[in-house]
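Listed below, chain by chain, are the residues.
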Amino acid sequence: MDSLQQRSSTVQEPPGAVHDYRPTPPPAWRPRTDPAPLLPDAEPLRVLGTDAVADADPALLLRLYAELIRGRRYNTQATALTKQGRLAVYPSTTGQEACEIAAALALEERDWLFPSYRDTLAAVARGLDPVQALTLLRGDWHTGYDPREYRIAPLCTPLATQLPHAVGLAHAARLKGDDVVALAMVGDGGTSEGDFHEALNFAAVWQAPVVFFVQNNGFAISVPLAKQTAAPSLAHKAVGYGMPGRLVDGNDAVAVHQVLTEAVARARRGGGPTLVEAVTYRIDAHTNADDATRYREAGEVETWRAHDPILLLERELTERGLLDEDGRRAAAEAAETMAAELRERMNADPVLDPMDLFSHVYAEQTTQLREQAAQLRAELDAEGEGEA
């Protein structure tokens, strides 16, 4: 084989080319986007405890605090309900409340929230009835609420499958000219799923108005982050798809709200998607069915308790004279009122209709569903006659 044949087997060159082979690809390979602006900062963004907090709106700080107190009480009450047999399972967000609250408050009413099964608190902070938020985890209903009414997609139990749904809605809104942004929440474990890759890839190609919000709480059930990825951070994954990555202290409610608000605004004005990673920690076990002591040390948990999102914000509010004992008491009492109502309503046995199994499956029931519904109706009628 002569030298020209050797060259053509490696790279296509025009007939008659006689210059030596150069191992540099042709200009078409060059990246479409400068990667530098897409890379996250080396350290998570913090606002509390820095000079930047001076610019924070006092009203926002107080609202965040009230919601954090309410959210913590919601978590403890829902966890207690599992021990009483009123909930089948509950994935607590204790320690992650700043992420949950900030995600809800960063959105406008017309926007959509796409939560995972752990994000009941974000749904409640967005306005969803606390009992309706727990209906799925109670096993009473498919979702427990009308997604269109609250613009909250169904709580998603399979990991990361809500992300492509968020992209689809956001892309459709953009095509229709609707001023809508979708915010999709996912845990660090969900970033190992194929749905995560597909969603980010489509979102970036379509420049869909969507924000991907990763709550990195350290563990995917019992699997630590180091056994999932060797990336410098999960936010660094953004550059591979052509979108900016942001890294934020997930226990700093003000910082998380700032980053998400900026990402939502960027998406709304046509800037495309953003991947935000919030570094936080899951204080409680994965769910009430999990024994976290088998895979993490108590000292690690205590270290994170010292970085509690409520303590961080409370310290700032107190130092600025925005919060006193009366303010603390009022927030605690409002949270306790919510918890008492939640207990009372969850202690009432729901009235369930077995025929609801066939509702909201398809817009128009299929032949098979009609047949199954008729069979169940006949069985229920026969049972009723037998009891009579």
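Before any of the text, the structure's been laid out above.
This is a predicted model, so every value here is computed, not measured.

Colleague: Can you explain helix α8 (residues 194–206)? Please cite residues and give values.
Modeller: For α8, with 13 residues, the first-to-last C-alpha span of 18 Å sits near the 18 Å given by 1.5 Å per residue. Residues F196, A199, L200, A203 and A204 constitute the buried set of α8. The arc that holds the buried residues of α8, viewed along the axis, is 120 degrees, so those residues lie on one side. Where the residues of α8 are buried, they touch α7 (162–176), β3 (210–216) and β7 (274–279). Looking one or two residues past α8, Q207 carries a phi angle of roughly 55 degrees, positive in sign.

Colleague: Just give me the short version of the sheet that holds strand β2 (residues 182–187), but keep the residues and values in it.
Modeller: Within the open sheet, the five strands sit side by side as β1-β2-β3-β7-β6. Their pairing is parallel. The outermost strands of the open sheet, each flanked by one partner alone, are β1 (112–114) and β6 (245–249). Ignoring which end each strand starts from, the neighbouring axes of this sheet average 20 degrees apart. The sheet contacts of α8 involve β3 and β7, and relative to β3 the element is tilted by about 150 degrees.

Colleague: Explain the side chain of T274 residue by residue, including any values.
Modeller: For T274, the position within the fold is in strand β7. When its relative accessible area of 2% is taken as the criterion, T274 is described as buried. For T274, the side chain forms a polar contact with the side chain of R266, separated by 3.3 Å. Excluding anything up to four places from it in sequence, T274 contacts V210, V211, F212, M243, P244, R246, A263 and R266.

Colleague: Describe in detail the pattern of salt bridges, supporting the description with residues and values.
Modeller: Taken as a whole, this structure holds 22 salt bridges when the rule is applied. Here R282 ties to D290 by a salt bridge, and the two come within 3.9 Å at their closest N and O atoms. We note a salt bridge from E336 to R343, for which the minimum N-O separation is 3.6 Å. By relative accessible area, E336 is classed as partly exposed at 35%. Sharing partners across several salt bridges, the network here consists of R110, D111, D179 and R268.

Colleague: Break down the nonpolar core for me, citing the residues and quoting the values.
Modeller: Counting 64 residues, the largest nonpolar core has Y74, L134, L183, F213, L260 and L313 as its most contacted members. Here the element with the most residues in this core is helix α9 (residues 253–268); it accounts for nine residues. When neighbours within four sequence positions are excluded, Y74 is seen to be in contact with Y90, T120, L121, V124, P130, A133, L134, M338 and L342. Within the second largest apolar cluster, 26 residues are counted, among which are F114, V180, A184 and F212.

Colleague: If you had to explain α7 to someone new, which residues and values would you point to?
Modeller: Taking 1.5 Å of rise per residue, the 15 residues of α7 would be expected to cover 21 Å, and the 21 Å separating its terminal C-alpha atoms lies within 8% of that figure. Within the span of α7, buried status applies to Q162, L163, A166, V167, A170, H171 and A173. Residues of α7 that are buried in the fold lie against β1, β2, α8 and β3. In the stretch just after α7, G177 is the one whose phi turns positive, near 85 degrees.

Colleague: Summarise the pairing of β7; cite the residues concerned and give the values.
Modeller: Two faces make up the sheet, and in a regular strand the side chains alternate between them. Judged by how many residues are buried, β7 sits mostly within the fold: five of six residues are covered. Taken together, the five bridges between β6 and β7 define a ladder with parallel strand orientation. When the bridges of β7 are listed, V248 appears paired with A278. Between the parallel elements β6 and β7, the chain passes through α9 in a crossover that is right-handed.

Quick notes on the rules
- Every chain's residues receive numbers from 1 upward, in the order its sequence appears when written.
- Local features in this predicted model are restricted to residues whose pLDDT is 70 or higher, and side-chain atom pairs enter the listing and the counts only when it is 80 or higher, whereas totals over whole chains, interfaces and linings include all residues.
- Each side-chain value is worked out from all heavy atoms of the structure, with water and hydrogens disregarded.
- Helix and strand definitions here come from DSSP, where helices need a minimum of 4 consecutive H or I residues and strands a minimum of 2 consecutive E residues; each element is numbered from the N-terminal end.
- For a helix, the expected span equals 1.5 Å multiplied by the residue count minus one.
- Think of it in three bands: with a 1.4 Å probe and only protein chains considered, a residue is buried below 20% of the maximum accessible area for its type, exposed above 50%, and partly exposed in between.
- What the arc describes is the spread of directions from the helix axis to the C-beta atoms.
- Residues are treated as being in contact if the distance between any of their heavy atoms lies within 4.5 Å.
- A pair of strands counts as paired when DSSP detects no fewer than two bridges linking them.
- Axis definition: a line fit to C-alpha positions, over the contact stretch in the case of helices; interaxial angles, taken between N-to-C directions, run 0 to 180 degrees.
- What qualifies as a polar contact is a pair of N or O atoms within 3.5 Å, subject to a donor-acceptor requirement within protein and to the restriction that residues adjacent in sequence count only when both atoms come from side chains.
- We define a salt bridge as a side-chain nitrogen of Lys or Arg found within 4 Å of a carboxyl oxygen belonging to Asp or Glu.
- Throughout, nonpolar core names a set of buried Ala, Val, Leu, Ile, Met, Phe, Trp, Tyr and Cys residues whose side chains join them through atoms within 4.5 Å.
- Look down the strands so they point away from you; if the path from the first strand over the helix to the second goes clockwise, the crossover is right-handed.

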